[in-house]
Each structure stands twice: as structure tokens, then as C-alpha cells.
Amino acid sequence: QVQLVESGGGSVQAGGSLRLSCAASGYTYSRPMAWFRRAPGKVREGVAAIEIDATPTYADSVKGRFTISKDNAKNTLSLQMDSLKPEDTARYYCAAGHRGGYSYTDPYGYDFWGQGTQVTVSS
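Residues numbered from 1 in each chain as written. Predicted model: local features only at pLDDT ≥ 70, side-chain atom pairs only at ≥ 80, totals over all residues. Heavy atoms only, no water.

Chemist: Got a minute to help me understand the state of the cysteines in this structure?
Modeler: As used here, a disulfide is simply a covalent bond connecting the sulfur atoms of two cysteines. As enumerated under the stated definition, the model contains one disulfide in all. A sulfur-sulfur distance of 2.2 Å marks the disulfide that ties Cys22 to Cys94. Its torsion about the S-S bond being -75 degrees, the disulfide of Cys22 and Cys94 is classed as left-handed. Taken together, the positions of Cys22 in strand E3 (residues 18-25) and Cys94 in strand E9 (residues 90-98) put the pair 72 residues apart, joining distant regions of the chain. (Disulfide = S-S within 2.5 Å. Helix = DSSP H or I, 4+ residues; strand = E, 2+ residues; numbered from the N terminus.)

Chemist: Whenever I open this one, the nonpolar core confuses me. Can you help?
Modeler: For soluble globular proteins, the rule of thumb is that nonpolar side chains tend to be buried together. One finds Trp35, Val47, Phe66, Leu77, Leu79, Met81 and Tyr92 to be the most contacted residues of the largest nonpolar core, which totals 27 residues. Contributions of two or more residues to this core are made by E3, strand E4 (33-38), strand E5 (45-50), strand E7 (66-71), strand E8 (76-81), E9 and strand E11 (117-122). If we ignore the near neighbours within four places in the chain, the residues touching Phe66 are Arg37, Val47, Tyr58, Leu79, Gln80, Met81, Asp82, Leu84, Asp88 and Tyr92. (Core = buried A, V, L, I, M, F, W, Y, C linked by side-chain atoms within 4.5 Å. Buried < 20%, exposed > 50% of the residue type's maximum accessible area, 1.4 Å probe, protein only. Contact = heavy atoms within 4.5 Å.)

Chemist: Just checking my understanding: could you explain the side chain of Glu6 for this structure?
Modeler: Tracing the chain through its elements places Glu6 in strand E1 (residues 3-7). An unpaired buried charge is present at Glu6: no salt bridge exists, and Arg91, the closest side chain of opposite charge, is 6.7 Å distant. Reaching out from Glu6, the side chain makes a polar contact with the backbone nitrogen of Cys94 at a distance of 2.8 Å. For Glu6, the side chain forms a polar contact with the main-chain nitrogen of Gln115, separated by 3.0 Å. (Lys, Arg positive; Asp, Glu negative; His and termini not counted. Salt bridge = Lys/Arg side-chain N within 4 Å of Asp/Glu carboxyl O. Polar contact = N/O pair within 3.5 Å; in protein donor to acceptor, adjacent residues only side chain to side chain.)

Chemist: Can you walk me through the pattern of salt bridges in this structure?
Modeler: Oppositely charged side chains can form a pair if their charged atoms are brought close together. Overall, the coordinates contain five salt bridges when judged by the stated rule. Close ionic contact of Asp88 with Arg37 constitutes a salt bridge, the shortest N to O distance being 3.0 Å. One end of the pair, Asp88, is in the loop between E8 and E9; the other, Arg37, is in strand E4, and 51 residues separate them in sequence. The shortest N-O distance in the salt bridge between Arg99 and Asp111 comes to 2.7 Å. Of this pair, Arg99 sits in the loop between E9 and strand E10 (110-113) while Asp111 is found in strand E10, placing the two residues 12 residues apart along the sequence. Relative accessible area serves as the criterion here: at 40%, Asp111 is assigned to the partly exposed category. Each of Arg37, Glu45, Arg65 and Asp88 takes part in salt bridges that share partners, so that together they form one network.

Chemist: Where do I start with the sheet that holds E7 in this structure?
Modeler: What holds strands together in a sheet is hydrogen bonding between their backbones, with the strands either parallel or antiparallel. With antiparallel pairing, four strands are arranged side by side in an open sheet as E1-E3-E8-E7. Each having just a single partner strand, E1 and E7 make up the two edges of the open sheet. If you compare each strand with its neighbour and ignore which way they point, the axes differ by 15 degrees on average. (Pairing = 2+ DSSP bridges. Axes fitted to C-alpha atoms, helices over the stretch in contact; angles between N-to-C directions.)

By themselves, these figures tell us nothing about what the structure is for.
So, in C-alpha cells, the structure goes:
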């Protein structure tokens, strides 16, 4: 059974950096994986996705500031976040088990989710 556990969230000043990690168990790398986030009063937003061959895709709002990566040997998905802004404040979720027929940024296209980790950026 696939299990995902996020870590690395916290509070940081604008312009700072954080690195999120998603520890996975089970077969999680046979399909694309992604990071999503949800702020109060807003819908879930796809932040970054990574294909089986490690090709990344980013939301325009984080492009150039965030970097998604994976380590298949360690069964870990990461999100390096630099130049953080107050609008990045949200709970961040790791998603796995992408199914064909859905966009990488569509949360309904993923079978497995972690509990999330909170990121708060102060101005």
C-alpha cells in the first residue's frame, strides 16, 4: 500500500527558502508525481509535477523559484522553494499515482496523497 509523508514546512521571512520532502513507500515512481498547495479560501493548486523520466513542470507562479526533484533510490520527492513570497503561504501536499486522462495539475488525477505540511511566509 502506498503511503506518503511530507516534512520540511515551517515559517520563514519573505525572500527565504525551505525544502519540502515527501517520503514514500510502495511503488510510487511508475507514474508522474506532484506537489499541490491549498490556502484558506482557495482551491487546490498544482505547484509542480515530475514525470517518470524526471522532466519537471511548474505553475507560472513558482517558475524560476521552485525546483521539484526525486530520488528513486531513496523513494523521496522534494520541492526546493527559494525567494518565497507571502502568497506562497499554504498547506503543501505530495501526490502520487497519476492516472492517464487527467492533467498533471488536476488533483482528481492522483490516487495517493500525504497529510500535508504547512508553509507560512511573513512579509
